[in-house]
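# Architecture and fold: a report
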Amino acid sequence: SQQGEEDPQALSIQEGENATMNCSYKTSINNLQWYRQNSGRGLVHLILIRSNEREKHSGRLRVTLDTSKKSSSLLITASRAADTASYFCATLGLLRGAQKLVFGQGTRLTINP
Amino acid sequence: DVKVTQSSRYLVKRTGEKVFLECVQDMDHENMFWYRQDPGLGLRLIYFSYDVKMKEKGDIPEGYSVSREKKERFSLILESASTNQTSMYLCASSLFRVNQPQHFGDGTRLSIL
């Protein structure tokens with residue numbers, strides 16, 4: 001059951017530029033989370049935004065949430081080569097009493113030196 | 001920092017074998033999860049557990065079983081491995097409270113020949 005869908009599927013920019021990735025979802029959410037995955041590794045949690053929040057910052061990351069449009073965006077400012085990775089949004093639902101995350105397909109971000 | 005450790009990074013097994021994937025977390029998390037990740041299909045939940053000896057089916061439990069005898073350890077079992085179970089397997093854990101991120105291991109890349 002696909003909930004979050006990222007856009008674009010792939011993004012290639014020059015080092016120092018800003019990168020923006022978008023996520024759309026279908027049903028009501030409790031929170032929305034963004035994760036990063038370096039090639040061949042596990043996912044790393046970046047930021048969690050609750051449904052009653054509109055914007056959240058963490059270092060060079062800025063996440064916005066528009067529940068009326070069922071969408072979120074992740075902005076990475078002043079990108080670095082080390083930001084090259086896949087980025088996933090995930091929305092939280094409850095499944096038989098436990099929290100279940102539903103992930104999108106991800107955006108592959110490439111930062112060119 | 002939370003550490004989720006998966007026993008193998010790479011594993012090669014033969015069709016029909018019984019395969020065990022092990023996952024251990026060191027932060028006393030109640031929830032543990034097993035996902036598989038395939039190109040074009042994203043992350044899909046296989047099984048999860050919110051307490052010792054408790055297990056719940058995720059989206060794709062067929063061909064798999066799990067065991068959680070101790071809080072820190074969650075094992076995924078492929079009863080009779082098949083080639084369509086070749087995949088990247090990711091284990092994750094989280095606290096039971098709402099609005100908590102999941103913490104992932106580095107994954108096991110399993111090939112069934």
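What comes next is a walk through the structure. Given the structure is predicted, the values throughout are model-derived calculations rather than measurements.

### Concerning the sheet that holds strand β8 (residues 71-76) of chain A
All names here are of chain A. With antiparallel pairing, the 5 strands of this open sheet are ordered in space as β1-β3-β8-β7-β6. Here the strands that pair on one side only, and so sit at the sheet edges, are β1 (5-7) and β6 (55-58). Across this sheet, the average inter-strand angle for adjacent strands is 20 degrees, counted without regard to direction.

### Quick notes on the state of the cysteines
Evaluated as defined, the whole model comprises 2 disulfides over all chains. With a sulfur-sulfur separation of 2.0 Å, C23 of chain A is cross-linked through a disulfide to C89 of chain A. Judged by the torsion about the S-S bond (70 degrees), the C23 of chain A/C89 of chain A disulfide is right-handed. Residue C23 of chain A is located in strand β3 (residues 19-24), and its partner C89 of chain A is located in strand β9 (residues 85-95); the two are separated by 66 residues in the primary sequence. Neither residue differs from the other here; C23 of chain A and C89 of chain A are each classed as buried. Between the sulfur atoms of C23 of chain B and its disulfide mate C91 of chain B the distance is 1.9 Å. On the sign convention where negative is left-handed, the bridge of C23 of chain B and C91 of chain B, at about -80 degrees about the S-S bond, is left-handed. Taken together, the residues span a long stretch of sequence, with C23 of chain B in strand β3 (residues 19-25) and C91 of chain B in strand β9 (residues 87-94) at a distance of 68 residues. Each member of the pair, C23 of chain B as well as C91 of chain B, carries the same accessibility label: buried.

### Things to note about the side chain of T107 of chain A
Residues and elements named next belong to chain A. Here T107 shows up in strand β11 (residues 107-112). A distance of 2.5 Å separates the side chain of T107 from the backbone oxygen of P8, its partner in a polar contact. In contact with T107, not counting residues within four places along its chain, are E6, D7, P8, Q9, A10, L11, M21, A85, S86 and Y87.

### Points about the interface of chain A and chain B
In this complex, chain A contributes 24 residues to the contact, which on the side of chain B involves 27 residues. Summed over both sides, the interface between chain A and chain B buries roughly 2,100 Å², with carbon and sulfur atoms accounting for 47% of that surface. The tally of links between chain A and chain B comes to 1 salt bridge. The closest approach of N and O atoms between R41 of chain A and D106 of chain B, which form a salt bridge, is 2.8 Å. Counting the contacts that link chain A with chain B gives 6 residue pairs in polar contact (both at pLDDT 80 or more).

Calculation criteria
Residues numbered from 1 in each chain as written. Chains lettered and ligands numbered in written order. Predicted model: local features only at pLDDT ≥ 70, side-chain atom pairs only at ≥ 80, totals over all residues. Heavy atoms only, no water. Pairing = 2+ DSSP bridges. Helix = DSSP H or I, 4+ residues; strand = E, 2+ residues; numbered from the N terminus. Axes fitted to C-alpha atoms, helices over the stretch in contact; angles between N-to-C directions. Disulfide = S-S within 2.5 Å. Buried < 20%, exposed > 50% of the residue type's maximum accessible area, 1.4 Å probe, protein only. Polar contact = N/O pair within 3.5 Å; in protein donor to acceptor, adjacent residues only side chain to side chain. Contact = heavy atoms within 4.5 Å. Buried area = accessible area lost by both parts, 1.4 Å probe. Salt bridge = Lys/Arg side-chain N within 4 Å of Asp/Glu carboxyl O.

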